[in-house]
Structures are given as structure tokens and as C-alpha cells.
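Understanding the architecture of this molecule
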Amino acid sequence: MFALIDGNNFYCSCERIFQPRLQKVPLVVLSNNDGCAIARSEEAKALGIKMGQPWFQIKHLEQSAGLVSLSPNFPLYGDMSLRMMRLASELGDKQEIYSIDECFIGLQGISNVTHRASEIRAKILQWTGIPTCIGIGHTKTLAKLANHIAKDADRKPGSYPTRLAQVCNLAELNERQRQFLFEMTDVGEVWGIGRRISQQLKEAGIKTVKDFVELDPGTVRKRFSVVLERTWRELRGQSCIELEEVPTPKKEIAYTRTFGQPVHNLASLIEAVTEFTSRAAEKLRKQQSKTSTILVFIHTSKHRSRPQYARSITVPLVRPVSDTKNLINAALHGLKKIYKPGFDLTKAGIVLMDLTNAQTRQAELDFGETVLDSDERLMHAIDEINDRFGRGTIIYGSAGVGSEKKVWTMNQQRRTPSYTTTLGEIPTALT
Amino acid sequence: MNLPMLVLKYSQPVPVQVGEPVYIPLYSGVRAGFPSPADDFLLKRIDLSNELIKHPEATFLMRIKGHSMTMAGIDDGDIVVVDKAVKPEHGKIVIACVDGEFTCKRLYLLDGETRLQPANPDYKDIIFKDGQILEVWGVVTSCIKQF
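What counts and what doesn't
Residues numbered from 1 in each chain as written. Chains lettered and ligands numbered in written order. Predicted model: local features only at pLDDT ≥ 70, side-chain atom pairs only at ≥ 80, totals over all residues. Heavy atoms only, no water. UniProt positions renumbered as here; feature names shortened; annotations may be inferred. Helix = DSSP H or I, 4+ residues; strand = E, 2+ residues; numbered from the N terminus. Buried < 20%, exposed > 50% of the residue type's maximum accessible area, 1.4 Å probe, protein only. Contact = heavy atoms within 4.5 Å. Areas by Shrake-Rupley, 256 points an atom, 1.4 Å probe, with all protein chains shown as cover. Lys, Arg positive; Asp, Glu negative; His and termini not counted. Charge placed at Lys NZ, Arg CZ, Asp CG, Glu CD. Buried area = accessible area lost by both parts, 1.4 Å probe. Salt bridge = Lys/Arg side-chain N within 4 Å of Asp/Glu carboxyl O. Polar contact = N/O pair within 3.5 Å; in protein donor to acceptor, adjacent residues only side chain to side chain. Core = buried A, V, L, I, M, F, W, Y, C linked by side-chain atoms within 4.5 Å. Pairing = 2+ DSSP bridges. Domains from an automatic or database assignment. Nonpolar A, V, L, I, M, F, W, Y, C, P; charged D, E, K, R; others polar. Axes fitted to C-alpha atoms, helices over the stretch in contact; angles between N-to-C directions. Parallel < 35°, antiparallel > 145°, perpendicular 65-115°, else oblique. Left-handed = near helix turned anticlockwise from the far one by under 90°.

Per an unreviewed UniProt entry, chain B goes by the name UmuD protein. Serine peptidase. MEROPS family S24 and belongs to Nitrosomonas eutropha.

In the nomenclature of an unreviewed UniProt entry, chain A corresponds to DNA-directed DNA polymerase from the organism Nitrosomonas eutropha. The Sequence similarities (unreviewed entry) field of the UniProt record for chain A holds the comment "Belongs to the DNA polymerase type-Y family."

Next up, the structure:
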């Protein structure tokens with residue numbers, strides 16, 4: 001048995017904990033550079049705001065409907081996520097953190113599951129202020145579906161029976177009740193059925209989850225894929241997808257950003273690419289990998305009627321590395337090859353590809369160069385210092401120095417303070 | 001001691017896993033000289049976070065602004081430790097949400113009466129009438145003053 005616990009409108013909920021005045025107010029959190037809505041409160045959804053809707057399309061609601069918009073506050077969301085995940089793990093014996101706001105819990109040998117789940121839900125709400133919904137089922141796919149039902153029953157009265165709101169345990173329902181819920185649920189809501197497959201299923205007359213589970217597994221495999229057959233099996237209660245307690249190391253690490261303002265000169269690009277590479281290299285070392293190829297790209301905005309330019313380049317490295325200095329050298333080498341003056345560049349990024357385990361050593365012919373172990377110790381020291389004294393305590397010179405705001409940094413005009421991670425920004429209590 | 005056997009296939013490159021070295025602390029193992037008389041008493045140093053924070057997931061810090069709680073020892077500029085896991089009861093100092101702001105006051109809950117009481121005679125109680133809802137955000141468990 002599995003449970004899926006997720007935070008309702010997570011980013012909005014985090015903001016509301018520290019700003020009581022935002023309760024009951026239509027609230028959206030915008031993407032970096034305040035581009036589009038990435039989280040919406042129920043009140044904002046009721047105004048018809050869609051996920052990913054650009055800010056300029058909904059800006060008028062500030063005046064007409066009291067919409068509040070915020071820039072994302074990831075230090076806060078990250079900390080609140082850790083708190084929520086720690087408490088959620090008390091529900092069972094295993095936990096897979098699936099994203100910042102949701103986790104699967106393994107429920108092997110846990111009795112009285114529904115009751116325990118309600119208690120954990122109440123505890124997370126009381127201790128952290130984050131409202132959650134919990135779905136329970138015999139497989140991960142069923143737990144995810146149960147979570148969808150728990151959420152909709154909670155916020156859309158009439159969509160599902162009210163007693164399934166907040167905590168829904170499909171495993172304790174009888175076959176008839178389950179079929180009833182499957183019949184009410186659009187096949188596109190199933191975990192693993194994306195928009196394209198959902199479209200294809202609907203064209204074939206398969207509209208609800210019930211229609212889908214009644215198919216023959218051979219047909220699913222032949223007409224679609226083995227992956228979809230696995231989803232079918234999971235919905236029939238046969239567990240095929242295991243919990244992943246240790247996240248699998250990423251195969252690629254990307255760091256890309258849209259600039260706060262268009263950038264024209266190479267100097268600013270060098271700063272940006274240095275910064276992006278440093279951050280990606282930090283992540284690379286954290287997951288104990290090395291990279292042997294780095295991709296660099298820059299481009300102009302498609303939405304501006306200015307001359308367009310988009311280039312990318314992959315820079316192969318002699319041997320897999322993880323130290324920032326080598327990676328910056330390679331990235332800047334690539335950048336200089338693709339840079340051309342005279343364009344309003346709005347985005348740049350780097351991708352570390354071809355990752356391997358840092359502990360795997362490839363034997364190589366000795367060409368007389370020395371590979372310095374001291375580099376690794378230096379990187380370790382820099383990571384530790386930045387960890388202890390804050391990001392950016394030690395940076396590479398090409399990332400640019402001086403306190404003035406760099407043109408390429410993000411616009412985050414409406415960001416709330418780091419309430420829980422910076423002492424100077426903790427909330428104020430009046431007396 | 002059983003050492004893991006390493007079986008090598010010569011036809012392919014072999015990935016070598018270099019594990020973390022294991023350090024074994026040497027408190028009072030075999031050692032020359034006099035053993036330290038403190039060895040038997042080695043304990044962890046006092047950790048203030050541990051003392052002040054009972055429920056780490058539920059604990060937040062807040063900065064005090066104002067003078068209404070001075071008689072309770074909470075002054076302007078102090079940092080209070082707020083625990084959301086502690087049940088708000090009569091007599092406890094709490095953080096409440098009043099008019100969309102956080103307020104620090106003593107909670108009065110007796111004979112069906114609900115008040116937020118300041119700890120300074122210059123300030124008045126905030127009285128909650130029937131139907132009004134008092135939202136308590138968390139309970140203040142300690143106050144930090146830095147000189």
C-alpha cells in the first residue's frame with residue numbers, strides 16, 4: 001500500500017503562513033522574472049486564472065478583483081517543504097520525495113491507515129500551517145488517483161462524495177464504490193497518462209478511468225505501449241512501480257535563466273555564464289558526478305520584434321571533471337565562439353551532459369599533464385564555505401564583483417522575505 | 001576478518017568504486033601515557049538549539065516590535081521562539097493574527113471569555129466577543145535577548 005501526500009497550492013500556502021492578510025485573497029506566485037502564474041490560490045483559480053498564464057494577461061485583475069501577485073520565494077518554499085516532508089514520513093516506513101510539494105509513503109504493515117493519515121494531515125497543518133491532501137491505494141498510480149479525488153472533493157463540492165475530501169483511501173472501498181469513482185474520473189487525470197495519450201484514448205472512445213481499466217491489457221500494449229500497460233496494471237491494483245527512496249542521480253544538469261533586462265555585451269554574458277556554471281557545478285559535485293560535455297546557449301526573445309539570434313555549442317572536455325574552474329573555462333570558451341554583438345539577448349544557459357559517477361576513474365594515457373588532486377580539495381573547501389556562510393561567499397572573479405545589481409539578474413520585485421532562513425528577515429510580531 | 005572478494009573481468013574496463021574511508025574515534029584505546037580522567041565523562045556539549053527548540057518542524061523565530069509585553073520580559077527588538085505544536089492555553093504567551101498582523105500577547109481563556117492581554121499597564125486588553133474568532137498562530141516558548 002502507498003500514500004501520496006501533497007501540499008495544496010503549495011507556494012501560495014507557504015506565503016500565507018507568514019502573511020495572514022493574504023488568507024482568502026486571490027493570490028498567484030509568478031515564475032522568475034514575473035513572467036507567468038506558477039501557483040494559484042483557490043480564489044485565483046475561481047477568477048479563471050490558468051496555470052502558466054502570462055502575467056500581462058491577468059494583471060488587470062489586481063485592480064478589478066484584488067489579485068495579489070508575488071515573485072517566487074524558493075528559500076521559504078524549500079524550508080517549508082523539508083518540514084512538511086519530515087512530518088509526512090511519520091505515516092509509514094518508507095518515503096519517496098517526488099517533488100517539492102509531494103511525496104509517496106510506503107505503508108507496509110501499517111494498520112488503521114485512513115485514521116493515521118487524517119492524524120498526520122492534521123499534524124502537518126497544525127505544526128507547519130500547510131494544508132495537504134492524502135490519497136491511499138494499493139499502487140502508486142492508485143494513490144495518486146486517490147489524492148486527486150481527495151483534493152477535488154475538498155475544493156469542488158459535488159465533484160466527488162464529501163467524505164472522501166482531504167483523505168481518500170481507495171483500498172478500503174468496495175469494488176462497486178471504486179468503479180463508481182473510476183466512472184466519474186476523466187482518464188486524463190491518471191498519473192502517467194499525458195495530454196497526448198489522453199487525446200488518443202478519447203478519440204478511441206475511452207473517456208473515463210473505468211473505460212480504460214476495462215480494456216484488454218494486450219490491446220493497451222499493442223495499440224499504445226508497455227508503459228501504458230503498466231499504468232493499466234497499476235490501476236487494477238497490481239503494483240509495478242516501486243518506491244525510490246534515494247533519488248536517482250540526474251543524467252543532465254541545466255542552469256538557464258531569462259535575464260531581467262536584455263544583454264548586449266560580452267562582459268555581462270561572461271558574468272552570467274560564470275555564475276550559471278558555478279551553480280551547476282555545485283549541484284554536480286553534490287550528486288557526486290562528473291561531466292565530460294558542456295553545452296552553452298544564448299538567444300534573443302521570440303516575442304520581441306528585434307533581429308533574432310540563437311546559437312548553442314557543445315564543448316567536449318578531455319576527461320570527466322567536476323571542478324568549477326575547468327568548467328568555467330570550457331563554458332566561456334564556448335560562449336566566446338557563439339557570441340555576436342548587436343543583439344538583444346534575453347536568455348542564456350548551460351547544460352552539463354554526459355554525467356558519470358565521480359568515483360569511476362577512466363584510465364588514460366599519460367601525456368605528461370598532471371591531474372591535480374588539490375583541485376578536488378579546493379572545490380570541497382569552497383562548497384563547504386558557501387554552505388556555511390551563504391551562497392556567493394566565494395565566487396570566481398569572472399562572475400563579476402561589486403555590489404551594484406547586474407543587468408542580467410532576475411527581476412523579483414515582489415518577493416517576500418526569507419522568513420525562516422535569514423535571521424534579518426524573520427517575521428515581525430507587534431506587541 | 002572477512003574481506004570482500006573482488007572478481008575482475010579482464011575483457012572490459014572495470015569501474016572502481018572508491019568508498020569513503022571509515023574513521024574510528026580513538027577515545028581511550030591503546031595509548032601511551034596517562035589516560036585522561038575526563039574520558040569516562042565525555043558527553044555532548046550543550047546545544048542551545050536543542051534546549052530552545054522541542055519541535056523543529058513547528059518552530060519559527062519572530063522579531064518583536066513594540067512595548068506592550070515588557071512586564072513579561074519581552075522587549076522591543078527581542079527574538080521570540082514560536083512553537084506551533086504547543087497547544088494554546090490560558091496564561092500562555094502566544095502569537096495571534098489580529099487584523100492581518102502578528103501580535104504577541106498573553107492568552108486569557110477563562111469563564112467563556114477570550115482576551116489577548118498585554119503585559120504593560122499602559123496598554124489595553126483585546127477582548128473577543130461572541131462570534132469573533134481569535135486565530136492563534138503559535139505559542140511563544142522563549143525569548144532571546146542579545147546585548
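When helices and strands are tallied, chain A shows 15 helices and 13 strands. Counting only C-alpha atoms and orienting by the principal axes, one finds that chain A spans roughly 70 × 60 × 45 Å. Of all 431 residues assigned to chain A, the portion counted as buried reaches 47%. Pairs at least 24 apart in sequence give 66% of the contacts found in chain A among residues at least 6 apart. With the model as given, the accessible surface of chain A reaches about 21,900 Å², and the carbon-plus-sulfur share is 51%. Averaged over its 58 positive side-chain charges, chain A has a centre that lies 4 Å from the centre of its 47 negative ones.

At the junction of the two partners, chain A supplies 23 residues and chain B supplies 31 residues. Across the interface of chain A and chain B, roughly 2,600 Å² is buried in total on both sides, 57% from carbon and sulfur atoms. The largest contributions to the chain A side of the interface with chain B come from A:Trp127, A:Leu430 and A:Thr431, which together make up 28% of the buried area. Counting across the chain A and chain B interface gives two salt bridges. Counting across the interface, chain A meets chain B through 16 residue pairs in polar contact (both at pLDDT 80 or more).

Here we take up the side chain of A:His148. All names here are of chain A. Position of His148 among the secondary structure elements: in helix H7 (residues 140-155). Of the residues examined, His148 reaches a relative accessible area of 14% and is grouped as buried. In contact with His148, not counting residues within four places along its chain, are Tyr160, Thr185 and Glu189.

A:Ile5, A:Met80, A:Leu91, B:Ile95, B:Cys104 and B:Trp137 are the most contacted members of the largest nonpolar core, which totals 51 residues. With seven residues, helix H5 (residues 74-88) of chain A is the single largest residue contributor to this core. Beyond its immediate stretch of four places on either side in the chain, A:Leu91 contacts A:Ala3, A:Ile5, A:Ile105, A:Leu107, A:Ile110, A:Arg116, A:Ala117, A:Ile120 and A:Ile134. A:Leu269, A:Tyr309, A:Leu317 and A:Leu355 belong to the second-largest nonpolar core, a separate cluster that totals 34 residues.

Evaluated as defined, the whole model comprises 27 salt bridges over all chains. Where A:Lys59 meets A:Glu62, a salt bridge forms, and the shortest distance between an N and an O atom there is 3.9 Å. The exposure class of A:Lys59 is partly exposed, given its relative accessible area of 42%. The residue B:Glu113 makes a salt bridge to B:Arg115 at a minimum N-O spacing of 2.5 Å. Via salt bridges that share partners, A:Glu42, A:Lys45, A:Asp152, A:Arg155 and A:Lys156 belong to a single interconnected network.

Residues and elements named next belong to chain A. When strand E9 (residues 253-263) meets strand E12 (residues 345-357), the two strands line up antiparallel, connected through seven bridges. Residue Val263 lies in a different strand from E12, and its bridge partner there is Leu345. Judged from the eleven bridges that link them, strand E10 (residues 289-300) and E12 form a sheet pairing that is antiparallel. Bridge pairing in E12 links His299 to Lys347.

This part covers the domain arrangement of chain A. All names here are of chain A. Each assigned domain of chain A is listed here: domain 1 (2-9 + 76-236), domain 2 (10-73) and domain 3 (253-359 + 373-399). Contact with domain 1, which involves 15 residues of that partner, is made by 16 residues of domain 2. Carbon and sulfur atoms supply 62% of the area buried between domain 1 and domain 2, which totals about 1,300 Å² over both sides. Taken as a group, Asn9, Leu76 and Tyr77 account for 61% of the area that domain 1 buries against domain 2, more than any other trio of residues on that side. For the pair domain 1 and domain 2, the number of links is one salt bridge. Between Glu42 and Arg155 there is a salt bridge; the shortest N-O distance is 3.3 Å. Here domain 1 and domain 2 share eleven residue pairs in polar contact (both at pLDDT 80 or more) between them. The residue inventory of the side of domain 1 that touches domain 2, partitioned by class, reads seven nonpolar, six polar and two charged.

Attention now moves to the packing of helix H1 (residues 10-18) of chain A against H5(A). All names here are of chain A. Contact geometry for H1 and H5: axes closest at 10 Å, N-to-C directions at 95°. Judged on the interaxial angle alone, H5 and H1 are roughly perpendicular. Each of Phe10, Tyr11, Cys14, Glu15, Ile17 and Phe18 in H1 lies in contact with H5, whose residues at this interface are Phe74, Leu76, Tyr77, Met80, Ser81 and Met84. Within the contact of H1 with H5, the residues separate by chemical class into ten nonpolar, one polar and one charged.

Moving on, we get to the UniProt feature "domain: UmuC" (unreviewed entry) in chain A. Sequence positions flagged by UniProt for "domain: UmuC" (unreviewed entry) are, in local numbering, residues 2-194 of chain A. Segment residues 2-194 of chain A splits into 41% helix and 19% strand. End C-alpha atoms: 22 Å apart.

Attention now goes to the packing of H5(A) against helix H6 (residues 113-128) of chain A. Residue and element names in this part refer to chain A. Running from N to C, H5 and H6 cross one another at 150°; their axes reach a closest spacing of 10 Å. With respect to H6, the element H5 is oriented roughly antiparallel. Of the two possible hands of crossing, H5 and H6 adopt the one that is right-handed. Touching Met80, Arg83, Met84, Leu87 and Ala88 of H5 are Ile120, Lys123, Ile124, Trp127 and Thr128, all from H6. Across the contact of H5 with H6, the residue classes tally to seven nonpolar, one polar and two charged.

In this section: the sheet that holds E10(A). Residues and elements named next belong to chain A. The sheet built from four strands is open, its strands ordered E9-E12-E10-E11 with antiparallel pairing. Of all strands in the sheet, those with a lone pairing partner are E9 and strand E11 (310-321), marking the two edges. With strand direction ignored, the average angle separating the axes of adjacent strands in the sheet is 15°. Sheet strands in contact with helix H13 (residues 266-286) are E9, E10, E11 and E12, and its direction is about 155° off that of E9. Its contacts with the sheet place helix H14 (residues 324-338) against E10, E11 and E12, and it is angled at close to 150° to E11.

A few words now on the sheet that holds strand E4 (residues 68-70) of chain A. Residue and element names in this part refer to chain A. If you walk across this open sheet you meet the three strands as E3-E2-E4, and the pairing is mixed. Taken across any chain shown, the strands that pair with only one partner, and hence form the sheet edges, are strand E3 (37-40) and E4. Adjacent strand axes in the sheet meet at a mean angle of 30°, parallel and antiparallel pairs treated alike. Judged from the three bridges that link them, strand E2 (residues 27-30) and E3 form a sheet pairing that is antiparallel. Each residue of the ladder has a partner; that of Val28, found in E3, is Arg40.

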